[in-house]
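The residues making up each chain are set out below.
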Amino acid sequence: MKKKTFKIPHKVIWLSSFFLGVLTSIPKIAEHRFNLYEALADAAVTFLFAVLIWYYNVFTLPAYTSRDVASGFSMIRLIKGLFFGILLMFLLSCLQQYLLSSIHFGPVMLMFEVRGILVNITFYMFLNLLYQNYQNQQVGIELERTKSDNLGAQYELLKQQVNPHFLFNSLNTLKYMVESNDKHSVEFILKLSDFYRFTLESRKHDLIKLAEELDILEAYLFLLKARFEEGIDLSIDIDKSYQQSLIPPFTLQLLIENCIKHNVLSIHKPLQIRLYMDGNFIVVENKIQPKRTPEASTGIGLENINQRYSHLLNKEIIITKTDTHFSIKLPLIHEDYHH
């Protein structure tokens with residue numbers, strides 16, 4: 001797994017260290033007997049200590065990986081950093097004593113060590129806070145990327161779900177038509193070919209124009225009529241002004257297939273299906289004619305459509321059922337939509 005590097009800008013390190021050095025020299029400047037060399041030495045020691053502690057803490061941070069995100073605060077790193085800081089401050093105090101022998105080494109060294117411990121703990125805690133925030137951001141980015149990849153993969157699977165039973169039933173119908181020398185056999189073969197050509201072409205797209213979807217539906221309806229004859233009565237009432245809107249491919253075909261699956265179709269009692277507009281919705285509505293032995297519903301068809309709308313628009317389809325009618329409302333996707 002590729003590791004990501006957490007960085008603190010060099011400008012921040014040097015400017016904060018310089019400011020800290022100036023800040024710690026203020027008491028020396030405010031003394032009655034002001035000594036410029038002592039004030040400069042005090043500021044220089046603090047400045048050098050702060051810079052070195054900054055870089056030590058930055059370079060001892062573990063490189064980020066998603067596996068280590070929960071590691072959080074490390075007491076061991078803090079203790080190691082404190083020991084390093086105590087040793088570093090001792091060496092800097094010795095250097096100051098060497099340059100300014102007039103200073104009382106013991107009290108000054110003790111003061112510097114206490115200051116160093118405080119600076120070290122402050123830098124460590126501040127850096128740890130920034131690092132935790134950085135880890136949280138990386139986790140959020142990875143979760144979003146994973147979510148996006150999963151949604152994309154799921155959507156590709158959804159687009160592949162054209163019911164194989166339809167092909168099986170169509171081929172059986174064609175066999176019967178050929179055996180009975182039905183004059184519509186050739187036209188049936190052409191419509192079946194058109195339907196599966198539409199299938200192959202439309203799978204390349206997330207959305208197609210409603211006019212194209214209605215062409216697919218027309219070919220599909222012809223195949224159904226060859227099988228059920230007058231047992232299905234589909235009326236389409238969609239104005240041409242809406243036909244440039246967009247729709248996930250094979251949505252209407254899946255809904256009509258769902259109607260057929262759960263209702264009785266016969267010449268004496270044809271299944272009535274209406275396709276029309278209702279405000280910003282495309283409505284597919286059928287009269288309920290339940291079968292005596294209803295087929296087990298897997299819910300895949302409607303769930304397929306619902307997930308596609310959820311993926312593309314973050315909206316859901318509206319399902320309404322009364323004693324006599326069942327309807328599905330599909331949110332209208334306008335032509336200027338961009339996913």
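Since this is a predicted model, take the numbers as computed values, not measurements. (Residues numbered from 1 in each chain as written. Predicted model: local features only at pLDDT ≥ 70, side-chain atom pairs only at ≥ 80, totals over all residues. Heavy atoms only, no water.)

Taking strand neighbours across the sheet as the criterion, the five strands line up as S2-S4-S5-S7-S6 in an open arrangement whose pairing is mixed. Since the sheet does not close on itself, it has two edges, and those belong to strand S2 (232–237) and strand S6 (318–321), each with one partner. Between one strand and the next, the sheet's axes are offset by a mean angle of 15 degrees, whatever the strand orientation. Relative to strand S7 (residues 325–331), strand S5 (residues 281–287) runs antiparallel, the two sharing seven bridges. Note on S7: the bridge partner recorded for Lys 287 is His 325. Strands in contact with helix H7 (residues 210–228) are S2, strand S4 (271–278) and S5; relative to S2, the strand with the most contacts, it is inclined by about 165 degrees. (Pairing = 2+ DSSP bridges. Helix = DSSP H or I, 4+ residues; strand = E, 2+ residues; numbered from the N terminus. Axes fitted to C-alpha atoms, helices over the stretch in contact; angles between N-to-C directions. Contact = heavy atoms within 4.5 Å.)

A word on the pattern of salt bridges. Counted by the stated rule, this structure contains four salt bridges. Of the charged contacts in the structure, one is a salt bridge between Glu 179 and Lys 175, with a shortest N-O distance of 2.9 Å. Residue Glu 179 and its partner Lys 175 are located together in helix H5 (residues 164–179), separated by four residues, close to a single helical turn. Exposure remark for Lys 175: the relative accessible area of 49% places this residue in the partly exposed category. (Salt bridge = Lys/Arg side-chain N within 4 Å of Asp/Glu carboxyl O. Buried < 20%, exposed > 50% of the residue type's maximum accessible area, 1.4 Å probe, protein only.)

Sheet topology note: the S6/S7 ladder contains four bridges and is antiparallel. Counted as the bridge partner of Thr 320 is Ser 327 from S7. Remark: three residues form the turn of the hairpin made by S6 and S7, two consecutive strands paired antiparallel.

Let's shift gears to a nonpolar patch on the surface. A contiguous nonpolar patch, built from Ile 86, Ile 117, Ile 121 and Met 125 and spanning about 290 Å² of accessible area, is present on the exposed surface. Here Ile 86 lies in helix H3 (residues 75–99). The exposure class of Ile 86 is partly exposed, given its relative accessible area of 34%. (Patch = residues over 30% accessible without salt bridge, like charges linked within 9 Å, V, L, I, M, F, W, Y side chains within 5 Å. Areas by Shrake-Rupley, 256 points an atom, 1.4 Å probe, with all protein chains shown as cover.)

With that settled, consider the side chain of Asn 263. Here Asn 263 shows up in the loop between helix H8 (251–262) and S4. Among the polar contacts listed, one links the side chain of Asn 263 to the backbone oxygen of Cys 259, at a separation of 2.8 Å. A distance of 2.7 Å separates the side chain of Asn 263 from the backbone nitrogen of Gln 289, its partner in a polar contact. Filtering out sequence-adjacent residues up to four positions away, Asn 263 remains in contact with Leu 271, Asn 286, Lys 287, Ile 288, Gln 289, Pro 290 and Lys 291. (Polar contact = N/O pair within 3.5 Å; in protein donor to acceptor, adjacent residues only side chain to side chain.)

Our focus in this paragraph is the packing of H7 against H8. Put simply, H7 and H8 touch, their axes get as near as 8 Å, and they point 30 degrees apart. When the interaxial angle is binned, H7 and H8 end up roughly parallel. Note on packing geometry: the crossing formed by H7 with H8 is right-handed. Of the residues in H8, those touching H7 at Leu 210, Glu 213, Leu 214, Leu 217, Tyr 220, Leu 224 and Phe 228 are Thr 251, Leu 252, Gln 253, Ile 256, Glu 257 and Ile 260. Split by residue class, the contact of H7 with H8 holds nine nonpolar, two polar and two charged. (Parallel < 35°, antiparallel > 145°, perpendicular 65-115°, else oblique. Left-handed = near helix turned anticlockwise from the far one by under 90°. Nonpolar A, V, L, I, M, F, W, Y, C, P; charged D, E, K, R; others polar.)

Let us now look at H7. In a regular helix each residue adds 1.5 Å, so 19 residues correspond to 27 Å; H7 covers 25 Å between its end C-alpha atoms and thus fits that length. Listed as buried for H7 are Leu 210, Glu 213, Leu 214, Ile 216, Leu 217, Ala 219, Tyr 220, Leu 221, Leu 223, Leu 224 and Phe 228. Just past H7, the residue Glu 229 takes up positive phi, approximately 55 degrees. (Expected span 1.5 Å × (residues − 1).)

Let us now look at the packing of aromatic side chains. According to the stated counting rule, one finds five aromatic pairs in the structure shown. Aromatic side chains Tyr 56 and Phe 84 sit 4.3 Å apart centroid to centroid with 10 degrees between the ring planes, which places their arrangement in the stacked category. Taken as a pair, Tyr 56 in helix H2 (residues 36–59) and Phe 84 in helix H3 lie far apart in primary sequence, 28 residues in all. Residue classification places Phe 84 among the partly exposed positions, given a relative accessible area of 30%. The ring of Phe 222 has Lys 191 sitting right over it, with the charged end atom 6.0 Å from the ring centre. When the ring centre of Tyr 276 is taken as reference, the NZ or CZ atom of Arg 274 above it lies at 4.2 Å. (Phe/Tyr/Trp six-rings, centres within 6.5 Å; stacked < 30°, edge-to-face > 60°. Lys NZ or Arg CZ within 6 Å of the ring centre and 35° of its normal.)

This part takes up the nonpolar core. Membership of the largest hydrophobic core comes to 48 residues, with the highest contact counts inside it found for Leu 252, Ile 256, Ile 282 and Leu 330. The greatest single-element share of this core, amounting to ten residues, is contributed by H7. Not counting residues within four places of it along the chain, the set of residues in contact with Ile 256 comprises Leu 217, Tyr 220, Leu 224, Ile 232, Leu 234, Ile 273 and Val 284. In terms of nonpolar packing, the next biggest core, distinct from the first, is built from 21 residues, Leu 20, Trp 54, Tyr 55 and Phe 123 among them. (Core = buried A, V, L, I, M, F, W, Y, C linked by side-chain atoms within 4.5 Å.)

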